[in-house]
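What follows is each chain in one-letter form.
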Amino acid sequence: MTRSTGVDQRFRQRLIGAIVLVALGVIFLPMLLSGPVEQTRVDIQLDMPAEPSLDAAPSLPEDTTDGTPEPVPPEEAAPSEAPAPVSPDPAAGSGAGFFVQVGAFGSLENARRLSGRLDEDGLTVRIAENDREDRLRYRVQVGPVDTRSAAEAMAQRLAEDHDLPGYIVEP
């Protein structure tokens, strides 16, 4: 009797295996034989408002100046704070030493605004002009200080007091 139990067990395993293979064939064979699935496109009609009509932009007056500002007579000049000096090269300028650079701007006005804010706090500030990659940059630098450690302390002070991350520029 033990022999028939072993044969029954093997027969059942083979029967289950055959059923599984037939089921897999029924499921996957039609997918393999049907070819690629065509993707259907569904067009959904959206109610979009019409494009707004905009008035024509006013034209700008033609620039007839040659790019140099006209000198202002001394009696008409407004008494304002003196702008920070602009030096053409970061290495040149107000002496040798280390500087802490806190900003680089494409606009001289923005550089002067930051420079004025730092100057109000008693810091020595310069604006260095740099022409790199065909773009003029105005770099706001604090200093000079004599040693690198003094420049690191200045950078730390600027970060804490003014939330200005800076890096040290060597001469």
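Because the structure is a prediction, the values reported are computed rather than measured.

Rules behind the numbers
- Residues numbered from 1 in each chain as written.
- Predicted model: local features only at pLDDT ≥ 70, side-chain atom pairs only at ≥ 80, totals over all residues.
- Heavy atoms only, no water.
- Helix = DSSP H or I, 4+ residues; strand = E, 2+ residues; numbered from the N terminus.
- Buried < 20%, exposed > 50% of the residue type's maximum accessible area, 1.4 Å probe, protein only.
- Contact = heavy atoms within 4.5 Å.
- Areas by Shrake-Rupley, 256 points an atom, 1.4 Å probe, with all protein chains shown as cover.
- Expected span 1.5 Å × (residues − 1).
- Polar contact = N/O pair within 3.5 Å; in protein donor to acceptor, adjacent residues only side chain to side chain.
- Arc of directions from axis to C-beta.
- Pairing = 2+ DSSP bridges.
- Salt bridge = Lys/Arg side-chain N within 4 Å of Asp/Glu carboxyl O.

## With respect to the overall build of the protein chain
The number of helices and strands found in the protein chain is three helices and five strands. Start at the N end of the protein chain and walk to the C end: the helices and strands fall as α-β-β-α-β-β-α-β. Here the protein chain, with 171 residues, has 21% of them falling under the buried criterion. Taking the intrachain contacts of the protein chain between residues at least 6 apart in sequence as the baseline, contacts between residues at least 24 apart amount to 70%. When the accessible surface of the protein chain is totalled, it reaches about 14,200 Å², and 56% of it is carbon and sulfur.

## Regarding helix H2 (residues 108-120)
Taking 1.5 Å as the rise per residue, H2 with 13 residues should run 18 Å; its terminal C-alpha atoms sit 18 Å apart, in good agreement. Three or more residues of H2 are buried, namely Ala111, Leu114, Ser115, Gly116 and Leu118. Where the residues of H2 are buried, they touch strand E2 (98-105), strand E3 (125-132), strand E4 (135-145) and helix H3 (148-162). Between the side-chain oxygen of the N-cap and the backbone nitrogen of Glu109 there are 3.3 Å, and the N-cap of H2 in question is Ser107.

## Quick word on H3
Because each turn of an α-helix spans 3.6 residues, side chains separated by three or four positions in sequence point in the same direction. Compared with an ideal rise of 1.5 Å per residue, which puts 15 residues at 21 Å, H3 spans 20 Å between its outermost C-alpha atoms and is within 8% of the ideal. Taken together, the buried positions of H3 are Ala151, Met154, Ala155, Leu158 and His162. Within H3, the buried residues cover an arc of 100° as seen down the axis, which keeps them to one side. Seen from the buried face of H3, the exposed residues on the opposite side, beyond 90 degrees, are Ser149 and Glu160. Along its buried surface, H3 packs onto E2, H2, E4 and strand E5 (167-169).

## Regarding the environment of Pro165
Looking at the element boundaries, Pro165 is found in the loop between H3 and E5. Counting along the chain gives 63 residues from Pro165 to Val102, while the straight-line C-alpha distance between them is 6.1 Å. Once residues lying within four places of it in the same chain are set aside, the contact partners of Pro165 are Gln101 and Val102.

## Quick word on the pairing of E4
Alignment of E2 against E4, held across six bridges, turns out to be antiparallel. Along E4, the bridge assignment pairs Ala104 with Arg139. The pairing of E3 with E4 spans eight bridges and is classified as antiparallel. Within the sheet, the bridge partner assigned to Glu129 lies in E4 and is Tyr138. Between E3 and E4, which follow one another and run antiparallel, lie two residues, and Glu133 among them has a positive phi close to 55°.

## Concerning the pattern of salt bridges
Enumeration over the complete set of coordinates arrives at four salt bridges. With its nearest N and O atoms 2.9 Å apart, the salt bridge here joins Arg113 to Glu109. One end of the pair, Arg113, and the other, Glu109, are both in helix H2, four residues apart, so they sit about a helical turn from each other. The class of Glu109 is exposed, set by a relative accessible area of 55%. The partner of Asp161 in a salt bridge is Arg157, and the shortest N-O contact between them spans 3.7 Å. Here the residue Asp161 and the residue Arg157 both occupy positions in helix H3, the gap between them amounting to four residues, near one helical turn. Take Arg157: its relative accessible area is 39%, and that puts it in the partly exposed class. Linked by salt bridges that have partners in common, Arg148, Glu152 and Glu170 make up one network.

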